[in-house]
Amino acid sequence: MLPPDPDQMEQLDIKIPERNLFKIQVNSADKLLVEGEPLEDVSKIKSMIKEFVLNNGRDPESSDSPKDAIVSFKTDRGTSQDRFIEVLDQIQGAYYDMYAERVGVTNKRWREIANDLSDPENRRLYDLGRGLKNGQLEFPMNISIAEPSKIGG
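Quick summary incoming for the structure in this document. No experiment lies behind these values; they were computed from the predicted model shown.

With that settled, the discussion passes to the pattern of salt bridges. This structure, assessed with the given rule, holds 11 salt bridges. Here Glu-18 makes a salt bridge to Lys-23, at a shortest N to O gap of 2.1 Å. Residue Asp-97 pairs with Lys-50 through a salt bridge whose shortest N-O separation is 3.3 Å. Taken as a pair, Asp-97 in helix H2 (residues 81-103) and Lys-50 in helix H1 (residues 44-53) lie far apart in primary sequence, 47 residues in all. For the pair formed by Asp-97 and Lys-50, the shared burial category is buried.

Here it is in C-alpha cells:
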C-alpha cells in the first residue's frame, strides 16, 4: 500500500514530548552539541543514545520507551560530509548494538543477519531484535534527519 499523495494530505501538527527526543546538532565548524551540551568525543554518542532509548520511562527526563524514542540529527549547511557520516554511523551503531544484544549476537553478526533476510533463521532473529509483534515494530530505528540550516557555509 502506497502512502497518500502529499499534495492531498492535510498538514498534521504532531506533538512529540520533549523527553522522547534525543537531539544532536553539528554546526558549520563540525562542532557537536548533544542534548544542548558541547561534546568533543563523537564516540560517546553511541552509549548516550543507548541509555536514552532503553530508559523505558525510568528517568522522567528521558524516553518513555524504545518505540517512542526519536534521535533527532540536525546539521548546518557548512557541516562536512565526513562529520555527518561519522555521527550517523554512531547513531545507527547504537541501534545495531541494541538489536544485537536483544538476540545475543555481536554488532557485526547483527549486520550479517540484516543483510541476508532470505535465510529463515536470520529473518527470525531480525524480527526478534527489532521487536516485531503483530506486524508492528516495538523497537524501531527512529532517526529524524532535519534539513540543514543555512547559517554557515
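Following the sequence through the fold, Glu-61 ends up in the loop between H1 and strand S4 (70-75). Remark: the alpha-carbon pair of Glu-61 and Glu-18, spanning 43 residues in sequence, is separated by 8.5 Å.

Here we come to H2. Across its 23 residues, H2 extends 33 Å between first and last C-alpha, which sits within 8% of the 33 Å expected from 1.5 Å per residue. Of the residues one or two after H2, Gly-104 is the one with positive phi, at around 75 degrees.

Now for the packing of aromatic side chains. Aromatic ring pairs are reported here in terms of the distance separating the ring centres and the angle at which the planes meet. Throughout the structure, instances matching the rule amount to 6 aromatic pairs. Plain terms: the ring middles of Tyr-99 and Trp-110 are 5.4 Å apart, the flat faces sit at 50 degrees to each other, and that makes the pair tilted. Pair noted here: Tyr-99 is in helix H2 and Trp-110 is in helix H3 (residues 107-115), with a separation of 11 residues, a long-range link. Measuring from ring centre to ring centre gives 5.3 Å for Tyr-99 and Phe-139, while their planes differ by 70 degrees; the resulting arrangement is edge-to-face. With Tyr-99 in helix H2 and Phe-139 in the loop between strand S6 (136-137) and strand S7 (143-145), this residue pair connects regions lying 40 residues apart in the sequence. Each member of the aromatic cluster is reached from another via a ring pair, and the members are Tyr-95, Tyr-99, Trp-110, Tyr-126 and Phe-139.

Pairing within the open sheet is mixed, and its 5 strands lie in the order S3-S2-S1-S4-S7. Taken across any chain shown, the strands that pair with only one partner, and hence form the sheet edges, are strand S3 (37-39) and S7. On average, each strand axis in the sheet is tilted by 25 degrees relative to the strand beside it, whichever way the strands run. Summarising the sheet, strand S1 (residues 21-26) and strand S2 (residues 32-34) pair through 3 bridges and their orientation is antiparallel. Its bridge partner being in S2, Gln-25 is matched across the sheet by Leu-33. Where H1 meets the sheet, its contacts fall on S1, S2, S3 and S4, and the angle it forms with S1 comes to roughly 160 degrees.

A volume near 300 Å³ is recorded for the largest pocket. Lining the largest pocket are 16 residues, with Phe-22, Glu-35, Phe-52, Glu-61 and Ser-62 positioned closest to its centre. Of all elements in the fold, only S1 and H1 reach the threshold of two or more residues within the lining of the largest pocket. The class makeup of the residues in the lining of the largest pocket is 6 nonpolar, 2 polar and 8 charged.

Before going further, it helps to spend a moment on the nonpolar core. One finds Ile-24, Leu-32, Ile-45, Ile-49, Val-53, Val-87 and Tyr-95 to be the most contacted residues of the largest nonpolar core, which totals 28 residues. Of all the secondary structure elements, the ones that give two or more residues to this core are S1, S2, H1, S4, H2, H3 and helix H4 (120-130). If one sorts the elements of this core by residue count, H2 sits on top with 9 residues.

Rules used throughout
Residues numbered from 1 in each chain as written. Predicted model: local features only at pLDDT ≥ 70, side-chain atom pairs only at ≥ 80, totals over all residues. Heavy atoms only, no water. Salt bridge = Lys/Arg side-chain N within 4 Å of Asp/Glu carboxyl O. Helix = DSSP H or I, 4+ residues; strand = E, 2+ residues; numbered from the N terminus. Buried < 20%, exposed > 50% of the residue type's maximum accessible area, 1.4 Å probe, protein only. Expected span 1.5 Å × (residues − 1). Phe/Tyr/Trp six-rings, centres within 6.5 Å; stacked < 30°, edge-to-face > 60°. Pairing = 2+ DSSP bridges. Axes fitted to C-alpha atoms, helices over the stretch in contact; angles between N-to-C directions. Contact = heavy atoms within 4.5 Å. 1 Å grid on protein atoms, 1.4 Å probe; cavity = no way out; pocket = protein on both sides within 12 Å on 5 of 7 lines; lining within 4 Å. Points joined across faces, edges and corners; volume = space filled by probe spheres on them. Nonpolar A, V, L, I, M, F, W, Y, C, P; charged D, E, K, R; others polar. Core = buried A, V, L, I, M, F, W, Y, C linked by side-chain atoms within 4.5 Å.

Read these as spatial facts, not as claims about activity.
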